[in-house]
Amino acid sequence: MAHVTGLRCRECRESYPKRLVHACSLCFGPLDVAYDYEAISRTISKESIAKGPPTLWRYKDLLPIEQESSIVDIGVGFTPLLRADNLARELGLKEVYVKNDSVNPTFSFKDRPSSIAVSKAIEFGSPAVGAASTGNLSGAMAAHAAKARLPCFIFVPEGLESSKIAQTLSYGAHVIEVSGTYDQANRLATEIALTSNIAFANINVRPYYVEGSKTLAFEVCEQLGWQAPQHIIVPVASGALLHAAWRGLKELEEVGLIDGWSTRISAAQAEGCSPIVQALLKGANEITPVETPDTICKSLAIGDPADGYYAIRAVRATKGVGSAPNDEQILEGVRLLAKMEGVFTEPAGGTAVAALKQLVEDGKIERDEQVVLYITGNGLKTQESIAPALPKPYQIEPTIESFRQLVDKLQTPRVKWLEGM
Ligand SMILES: *Cc1c(COP(=O)(O)O)cnc(C)c1O
Ligand SMILES: [Zn+2]
């Protein structure tokens, strides 16, 4: 633990002490946690990690928490990496894996950055935590704040899924619905972060917060026997998770846990809010913000993404691509993953599945390329956007005859009635 040397500007490389600062005072660039990788490579090993807990804290040497006692642990991470042979066959691919992060404690990958953010807020002595959220960060922050006994202020745009709000309120957080988009809620939260001592996960704690997201990349490598995958597809909102995947792979090589890597990192966004993918498709460096997102994929609906530029850089540097399926294709992706692999994801996960399908059809992913899908959220949190596209349940009388008539109508293969019944 405690291999952090300070913070460093991602742009001009200026160094800063370990404080609650998030932007470079020289160039306004974002700050990243800087580590002493030499010291880490002397202590970390595949064996030491294997002996760690079955949570993201098994990688604590590569995380920015200084004191064991500040860790808020609700059992986040080390989620299953499932080989998805049915889906692979359906899409004409050889080897596909599903990294099922929808089974985290609050049912999304946002538990990873939140566990770091709240632990870090404790280290800084913050009296309260907060976040601006597209839906999943709210529950993740609220749960960790509850465990840490800290007040939690969550700013959300209008129109989020009701189960995400109910979940967040159940953990005891103050939920503040801002009339407007996520960007407007986030702008308000940013002003509050700059004028109060509340630790906002995605704002003033951001340099630390994003460190949690790289553990997703660590786990995939460990679960593949310390091999980096050939291709990962990441659902993208602010771009932080995608950028963290790139950083995570570079760090594993740096400390000697993997021998080189050539992973392509690709971005998936919903067509109705795809500023990062549109810039990738146009070959542009500038991101044109989306004023009013229009998609059922609410958890990815950030029109003006904070790490957008860096996500683009990571995709280009790794020869990845972008794909922006529409809502219909996204819902088809949700159903395809559920039917083929028994994994029920929210539209964000459906976006990754739909992107994979599209990219294979367009010849941008080779059929023998090994692909890992980041499935980042759970379908149970977004029933209202998924249910309208599903068939209705059958309604029958409470008699065997009623059921027989139904089975006859359905012509289910190999189901038949036993003699004498
Ligand atoms: C937030 C979120 C993402 C993407 O997160 P960023 O780091 O902001 O790009 C992906 N999937 C789900 C389900 C999310 O909630
Ligand atoms: Zn700078």
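Residues numbered from 1 in each chain as written. Chains lettered and ligands numbered in written order. Predicted model: local features only at pLDDT ≥ 70, side-chain atom pairs only at ≥ 80, totals over all residues. Heavy atoms only, no water.

Engineer: So what's going on with the sheet that holds strand β9 (residues 199–200)? Which residues, and what values?
Structural biologist: Within a beta sheet, neighbouring strands are joined by backbone hydrogen bonds and run either parallel or antiparallel to one another. Here four strands make up an open sheet; going across it, the order is β8-β7-β6-β9 and the pairing parallel. The open sheet is flanked by β8 (174–178) and β9, the only strands paired with a single partner. Docked against the sheet, helix α5 (residues 136–148) engages β6 (129–132) and β7 (152–157), running at close to 175° with respect to β6. (Pairing = 2+ DSSP bridges. Helix = DSSP H or I, 4+ residues; strand = E, 2+ residues; numbered from the N terminus. Contact = heavy atoms within 4.5 Å. Axes fitted to C-alpha atoms, helices over the stretch in contact; angles between N-to-C directions.)

Engineer: Can you lay out the site of ligand 1 for me, pointing to particular residues and giving the numbers?
Structural biologist: Not every one of the 16 residues close to ligand 1 is listed here, only the nearest: Lys110, Asn136, Ser238, Leu241 and Thr376. Between ligand 1 and the protein, one listed contact pairs an oxygen atom with a side-chain N or O atom of Lys110 at 2.9 Å. Here Ser238 contributes a side-chain N or O atom positioned 2.7 Å from an oxygen atom of ligand 1. Protein chains shield 97% of the accessible area of ligand 1, which is 380 Å² for the free molecule. More than half of the atoms of ligand 1 fall within 2 Å of the grid points belonging to the largest cavity. (Near = heavy atom within 4 Å. Polar contact = N/O pair within 3.5 Å; in protein donor to acceptor, adjacent residues only side chain to side chain. Areas by Shrake-Rupley, 256 points an atom, 1.4 Å probe, with all protein chains shown as cover. 1 Å grid on protein atoms, 1.4 Å probe; cavity = no way out; pocket = protein on both sides within 12 Å on 5 of 7 lines; lining within 4 Å. Sits in = over half its atoms within 2 Å of the grid points.)

Engineer: Kindly report on the nonpolar core, identifying the contributing residues and their values.
Structural biologist: Within the largest apolar cluster, 82 residues are counted, with the highest numbers of intra-cluster contacts made by Met141, Leu242 and Tyr374. For this core, the element with the most residues is helix α10 (residues 240–254), which contributes seven residues. Contacts of Tyr374, omitting those with residues within four sequence positions, involve Lys99, Leu216, Ala217, Val220, Ile232, Ile233, Val234, Pro235, Leu241, Ala245 and Ala352. (Core = buried A, V, L, I, M, F, W, Y, C linked by side-chain atoms within 4.5 Å. Buried < 20%, exposed > 50% of the residue type's maximum accessible area, 1.4 Å probe, protein only.)

Engineer: Residues and numbers for the sheet that holds strand β13 (residues 370–375), please.
Structural biologist: Here six strands make up an open sheet; going across it, the order is β4-β5-β13-β10-β11-β12 and the pairing mixed. Every interior strand has two partners, whereas the edge strands, β4 (81–83) and β12 (322–323), have only one. As paired strands, β4 and strand β5 (residues 95–100) are joined by three bridges and run antiparallel to one another. When the bridges of β5 are listed, Leu82 appears paired with Val98.

Engineer: Account for the pattern of salt bridges, with residues named and values stated.
Structural biologist: Counted according to the given criterion, the structure contains 21 salt bridges. Where Asp85 meets Arg83, a salt bridge forms, and the shortest distance between an N and an O atom there is 3.0 Å. Look at Arg83 and you get partly exposed, because its relative accessible area is 42%. A salt bridge links Glu123 to Lys120; its shortest N-O distance comes to 2.7 Å. Of this pair, Glu123 and Lys120 both sit in helix α4 (residues 111–123), three residues apart, which is roughly one turn of the helix. What makes Glu123 partly exposed here is its relative accessible area of 22%. By relative accessible area, which is 4% here, Lys120 ends up buried. (Salt bridge = Lys/Arg side-chain N within 4 Å of Asp/Glu carboxyl O.)

In short, geometric facts, not functional conclusions.
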